[in-house]
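# An overview of the molecular structure
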Amino acid sequence: MLDFGNFKARDCGNGIGRRSFLKTASALPFAFGAGYGGIDLEAARKLGDRAKAKSVILLWLWGGPSHLDTFDPKPDAPMEYRGPFGVIPTKTDGLQVTELLPQLAKRSHLYSVIRSMQTTNGGHPGAGTVGLTGFEENPTVHPNFGSIMSKHRGRSGALPPFFYLGQGIPRDLPRRIEGYGGGTLGKAYDPFLVSCSENGKVGIPTLDLLPGMTPNRIHNRRNLMAQLDDTSRKLDGKGVNGWNQAHHAAYGLLTDPKARDSFDLTTESQSTRDAYGQTSFGQSCLLARRLVETGVPYVQVNWSEYVETFTPNGDFGWDTHIYNFELLQDRHCPIFDRAFSALLDDMNSRGLLEDTLVVATGEFGRTPKISNRAAREHHKDCYFSIWAGAGIQPGRVIGESDKRGERPVTDPITPLMMGTTIAELSGIGARERAEMKVLDGGSVINELL
Amino acid sequence: MSFYSFRRCCLFLAGLIIVGFSSAKTRLTTDGSNKRDPVFIDGGATLVYGIDENRDLIRLKQLDLDTLQSKPYYESANRHHVEVAFSRDGRYVSYTECTGNLTAQFVIKDLQEKKDYFVKHSGRGGTRSPAFAPDSSVVVYAFAEKGPQQLWSVDMEAKNKKQLTQCEGISNWPSFTPDGKTIIFSNTRENNYEIYSMDANGSNEKRLTENTIMDIRPVVSPNGKQIAFTSLRNGFYNVYVMNVDGTDVRQVTDSEERDDYPTWHPDGKRLALVSERKGKFDLYMVEVPSPGKITTKR
């Protein structure tokens, strides 16, 4: 037996036995260099056998969704904790969710829920970096899980290997999430940004520098190149490199018919588009499915830049410091319930869940104790994540929080473990991670597998 | 029969074949954008509602029920406006307005005197769900100042603020009976939202619903005899009607997609509501089932 890390899981809610988890064995620094734990090659080979995910979709619930009001309700907690929502059963033994998620309750056989997530940072940008990279900014910014995937898989065809769907890089008022992209791997592994409106209209911010140039007008390669060159000359030297990378990617996908078609949601049946809902998040989920169907390795769908929260021009998603219960009840949960259910159904019916890993989580949870504003604040000590698809055993509840949802009573599961599991299931084994110098010390969430 | 009357008749008949409702209904909008908080004004000729105008603005719009044409209620609005309410005489309007990062203000506008009044509270919480007393003496609303969200009242100049409830849990969605003597509202002290009634001064409280799933947004009918509300008691957001004492609960809509935000037409026979159909949110009008047709328990 080989163990990575010191993670020790509890029994699962559906009665499967306690598993022993992979721990970091005795250090063998000669294998992959200092700082990257030694590897039992036989065990690594077995782990590699688990790799099933050709692609990954991360639904990034930016802002910090309340765990008590969604996937970890506490109906027996004191009134100042439990919140106003009733609980409903699901198809999974031991899993109740709030009444705000009726469609996902009916589909719990397609996913597993972790209720013992814990992070180290209680602010949005900092926790966002931890959530997307596994590490604090200290001051080095580690690569986003998608950037690791991007480097490992490389570019294949016209489409970039790592997409961000949403309105740019999530941020709060002071600053953005620094861990949004390539980090130590370099800007070459930054995500390619694409927006998607509630009507399924796709925007490519990189092309904003090209006046009037839309996918429908990209017919003439020579004209496009001329315009790209002209725009390039107008930029200062510092900006050209980064700009060129992004524009080469944009150019590639716009001039490749197959790539271009992957952005055209109108080729979907109306019933499919309807199923996801007429929301930006819903149509972005549909676009994510189309991209992984085309072979894109990693798609991060950002819940961001929508009018949900009471912040002008805000980008705070699930950051419900005021109107928490009203927003979840009136907007966030119905939108998420519909879109995620549609994604699961659609992926499942097309056989895409066989080789696509789907993960949904935010950067932290929200305070179990209801605030003086009848809402909930940031809470880093306990939150949830949802896992479905390639290599995941669905229908499980993993980890447990205390009676008030304040802390895990089982060993905490961290963003680093999340990233390591994503990598592992994507075929980026311990050897590859060590060679890339990423996810150091991370262990696999074995109960998911 | 005028053109518009003929059109309304056609829309009504067309609505009969729309699935997902227990009663006859009419579709009023077709844009599919997210909508909320409809309320009738002008004797039922106009429906005012909130809509996601774009990703940066929730705007109030008014729908002419003859032409089914919508236009902004406040042309120059550039901040979120939600949960609009009008006084019975049409003189006052109130709503919650987003004023900055996670902050909001409660506005009372005197349309006759062209004056705006703002309700002040300590803390950064947001006001909820204004409801005018029938005689326009006070407006009641929900606010969490020091913990549990309570019902409060102020006069039409936002003065004489009083806390009406001293409840545990979260109180929300006050609605007056036409005589002004009773307020219907929801509260969470019994683990989830249930509907209660109390005298307008906060006394003599009675519980009207009892189940493990939420009952929200109660609205008293124009004749004061019925309450429309939203409930998830059948597993999904649907609209129900019951007598004002909590008896005779009737299911108005029956869909796995969402039906919410019921509001009474002044004729007392129909409700306007927001329905999600095929992922799109639009306004519909639906007939209220006759009393005595009991379809679900309290």
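Above this text is the structure in question.
Quick caveat, the model's predicted, so the values are computed rather than measured. (Residues numbered from 1 in each chain as written. Chains lettered and ligands numbered in written order. Predicted model: local features only at pLDDT ≥ 70, side-chain atom pairs only at ≥ 80, totals over all residues.)

## Here we look at the overall build of chain A
Rules: Numbering goes from the N terminus for both helices and strands, where a helix is a DSSP run of H or I of at least four residues and a strand is a run of E of at least two. Exposed residues have 12 or fewer other C-beta atoms within 10 Å of their own C-beta, buried residues have 20 or more, and partly exposed residues fall in between, where C-beta atoms are placed from the backbone. Residues are scored as being in contact if the C-beta atoms we place from backbone atoms lie within 7 Å.
Regarding its fold elements, chain A presents 14 helices and 13 strands. Taking all 449 residues of chain A together, 59% fall into the buried category. For chain A, the proportion of contacts with a sequence separation of at least 24, taken over those separated by at least 6, is 70%.

## Section: the overall build of chain B
Scanning chain B for helices and strands turns up one helix and 24 strands. Counting the 298 residues in chain B, one finds 49% classified as buried. When contacts within chain B are restricted to residue pairs at least 6 apart in sequence, long-range pairs at least 24 apart make up 39% of them.

## Structural notes on the interface of chain B and chain A
Across the boundary between the two partners, chain B contributes 41 residues, which contact 34 residues of chain A. Broken down by secondary-structure element, the contributors of at least two residues to the side of chain B that touches chain A are β4 (57-64) and β7 (92-100) of chain B.

## Overview of the sheet that holds strand β9 (residues 356-361) of chain A
Residues and elements named next belong to chain A. Short version of the rule: For two strands to pair, DSSP has to find at least two bridges joining them. Convention adopted: a line fitted to C-alpha atoms gives each axis, helices being fitted over their contacting stretch, and angles between N-to-C directions are expressed from 0 to 180 degrees.
The mixed open sheet is built from nine strands, whose spatial order is β7-β6-β5-β8-β1-β9-β12-β4-β13. Two strands close off the open sheet at either side, each with one partner strand: β7 (202-203) and β13 (397-398). When strand β1 (residues 55-60) meets strand β8 (residues 298-302), the two strands line up parallel, connected through five bridges. Within the sheet, the bridge partner assigned to Val56 lies in β8 and is Tyr298. Packing against the sheet, helix α12 (residues 324-349) makes contact with β1, β4 (111-117), β9 and β12 (383-389), and its axis sits at approximately 170° to β9.

## Overview of the environment of Thr133(A)
Residue and element names in this part refer to chain A. Here Thr133 lies in helix α5 (residues 124-133). We classify Thr133 as buried; it has 29 C-beta atoms within 10 Å. Along the sequence, Thr133 and Arg350 sit 217 residues apart, while their C-alpha atoms lie 30 Å from each other. Residue contacts for Thr133: discarding those within four places in its chain leaves Val141, His142, Pro143, Asn144, Gly179 and Gly183.

## Concerning helix α11 (residues 280-294) of chain A
Residue and element names in this part refer to chain A. Put simply, the test is: Multiplying 1.5 Å by the residue count of a helix minus one yields the expected span of that helix.
In this model α11 runs 21 Å from its N-terminal to its C-terminal C-alpha over 15 residues, within 8% of the 21 Å that 1.5 Å per residue would give. For α11, the tally of buried residues reaches twelve of 15 residues, placing the bulk of the element in the interior. Here α11 has its buried residues at Ser280, Phe281, Gly282, Gln283, Ser284, Cys285, Leu286, Leu287, Ala288, Arg289, Leu291 and Val292. Note on α11: the residue one or two positions beyond its end, Gly295, has a positive phi of about 110°.

## So, unusual backbone geometry
Here the residue pair Asn138(A) and Pro139(A) is connected by a cis peptide bond, since its omega of -20° sits within 30 degrees of zero. Here Pro139(A) lies in the loop between α5 and α6 (145-153). Phi at Ser129(B) takes a positive value of approximately 55°, unusual for a residue other than glycine. Of note, Ser129(B) is situated in strand β10 (residues 128-132). Among the residues examined, Ser129(B) registers 23 C-beta atoms within 10 Å and is labelled buried.

## Topic: the environment of Ser401(A)
Residue and element names in this part refer to chain A. Within the element layout of this structure, Ser401 appears in the loop between β13 and α13 (415-425). On a C-alpha basis, the gap between Ser401 and Asp76 in space is 13 Å, while along the polypeptide they are 325 residues apart. Excluding anything up to four places from it in sequence, Ser401 contacts Asp72, Arg115, Ser116, Cys382, Arg407, Pro408 and Val409.

## Topic: α13(A)
What sets the pattern is the α-helix's 3.6 residues per turn: residues three or four places apart point alike. All names here are of chain A. Counting buried positions along α13 gives eleven out of eleven residues, so the element sits mostly inside the fold. For α13, every residue scored as buried is listed here: Pro415, Leu416, Met417, Met418, Gly419, Thr420, Thr421, Ile422, Ala423, Glu424 and Leu425. Looking one or two places after α13, you find Gly427, whose phi comes out positive at around 85°.

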